[in-house]
Amino acid sequence: MTEGYGAISRRDVLKTSATGAAIAGSLGPGNIAVAQGQADAPPQATVSLKINGKPTRLTLDTRTTLLDALREHVRLTGTKKGCDHGQCGACTVIVNGRRINSCLTLAVMHEGDEVTTIEGLGGPDNLHPMQAAFVEHDGYQCGYCTPGQICSAIAVLDEIRAGIPSHVTEDVSKAPAMTTLEMRERMSGNICRCGAYSNIAEAMAQVAGQKSKGDKA
Ligand code: FES
Ligand code: FES
């Protein structure tokens, strides 16, 4: 959470500075470089998350993105790094029920949050309905964008059901309809270099409980 991040960050920055100053004061001239190095060490912070239902406590450089925390610290490599600056959607995960680009947010901003990655949706023996629909409709080729596409697709259907309008919603005073146009618009932040868009739309339409209108990418 933002509040937790602010409190932890400021405290740890102050603690790091105070520790560095104390060490520098207690060391002789020959150790000044070491003391300086410690004073310049990047501030660390501890954050508690619930990742795929599992309470997880991490101590991280405060600059670590949620994407890198998941991949490099928790070893959940299903979430992919594409552009690393918010343009491809490969890193999409679901946080507290909303999809986000995990490359654009710091892990320490998510104290107490519930994070769902592709690994938490289902496995080979118990696929999530969206995963099963992607398989059935060939919603991927190389598969690199697929974890982000699936996380996004699940959250998109929830957004439409929740009545959240999009850029193509004709009357924002009414709940948006579960149309292919609405789904495609909301998935436009998830890029697929293999061009599996039509098959992804078919998979989403199946899960949404409607027939796809069959328009092509
Ligand atoms: Fe996050 Fe591309 S890796 S949007
Ligand atoms: Fe290859 Fe989407 S399946 S990038």
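Residues numbered from 1 in each chain as written. Chains lettered and ligands numbered in written order. Predicted model: local features only at pLDDT ≥ 70, side-chain atom pairs only at ≥ 80, totals over all residues. Heavy atoms only, no water.

S.K.: Pulling in residues and values, what's your account of the overall build of the protein chain?
M.R.: Within the protein chain one finds eight helices and five strands. Counting from the amino terminus, the protein chain carries its helices and strands in the arrangement α-α-β-β-α-β-β-β-α-α-α-α-α. Relative to its 217 residues, the protein chain shows a buried fraction of 39%. Considering only intrachain contacts with a sequence separation of at least 6, the fraction spanning at least 24 residues in the protein chain is 54%. When the accessible surface of the protein chain is summed, it comes to about 11500 Å², and 54% of that surface belongs to carbon and sulfur atoms. (Helix = DSSP H or I, 4+ residues; strand = E, 2+ residues; numbered from the N terminus. Buried < 20%, exposed > 50% of the residue type's maximum accessible area, 1.4 Å probe, protein only. Contact = heavy atoms within 4.5 Å. Areas by Shrake-Rupley, 256 points an atom, 1.4 Å probe, with all protein chains shown as cover.)

S.K.: Pulling in residues and values, what's your account of the confidence of the model for the protein chain?
M.R.: Of the residues in the protein chain, 79% have a pLDDT of 70 or more, and the chain-wide mean is 86. Within the model, the stretch residues 16-36 combines pLDDT values under 50 with 10 contacts to residues more than four positions away or in other chains. (pLDDT = per-residue confidence, 0-100.)

S.K.: Could you give an account of the nonpolar core, with specific residues and numbers?
M.R.: Residues Met130, Phe134, Ile150, Met183 and Met204 are the most contacted members of the largest nonpolar core, which totals 23 residues. Mapped onto this core, the elements with two or more residues apiece are α4 (118-121), α5 (129-136), α6 (146-161) and α8 (197-208). The element best represented in this core is α6, accounting for seven residues. The residues contacting Met130, other than those within four sequence positions of it, are Ile150, Ala153, Ile154, Leu157, Ala203, Met204 and Val207. Residues Ala45, Leu58, Leu70 and Leu76 belong to the second largest nonpolar core, which totals 15 residues. (Core = buried A, V, L, I, M, F, W, Y, C linked by side-chain atoms within 4.5 Å.)

S.K.: Which residues make up the pairing of strand β4 (residues 98-101), and what values go with them?
M.R.: Here strand β3 (residues 92-95) runs beside β4; their pairing, made up of four bridges, is antiparallel. Along β4, the bridge assignment pairs Val93 with Ile100. What sits between β3 and β4 in their antiparallel hairpin is a turn of two residues, with Asn96 showing a positive phi close to 50°. (Pairing = 2+ DSSP bridges.)

S.K.: Go over the pattern of salt bridges, please, and point to the residues and values.
M.R.: What the rule picks out here adds up to nine salt bridges. For the salt bridge of Lys81 with Asp68, the shortest nitrogen-to-oxygen distance reads 2.9 Å. Taken together, the residues Lys81 in the loop between α3 (66-73) and β3 and Asp68 in helix α3 connect sequence positions 13 residues apart. Across the salt bridge formed by Glu182 and Arg186, the nearest N and O atoms sit 2.9 Å from each other. Of this pair, Glu182 and Arg186 both sit in helix α7 (residues 180-186), four residues apart, which is roughly one turn of that helix. Assessed through its relative accessible area of 5%, Glu182 is described here as buried. A cluster of three or more residues bridged by salt bridges with shared partners is formed by Arg99, Glu159, Glu182 and Arg186. (Salt bridge = Lys/Arg side-chain N within 4 Å of Asp/Glu carboxyl O.)

S.K.: If you had to explain the layout of surface pockets to someone new, which residues and values would you point to?
M.R.: The computed volume of the largest pocket comes to approximately 170 Å³. Considered class by class, the residues forming the lining of the largest pocket number eight nonpolar, one polar and one charged. (1 Å grid on protein atoms, 1.4 Å probe; cavity = no way out; pocket = protein on both sides within 12 Å on 5 of 7 lines; lining within 4 Å. Points joined across faces, edges and corners; volume = space filled by probe spheres on them. Nonpolar A, V, L, I, M, F, W, Y, C, P; charged D, E, K, R; others polar.)

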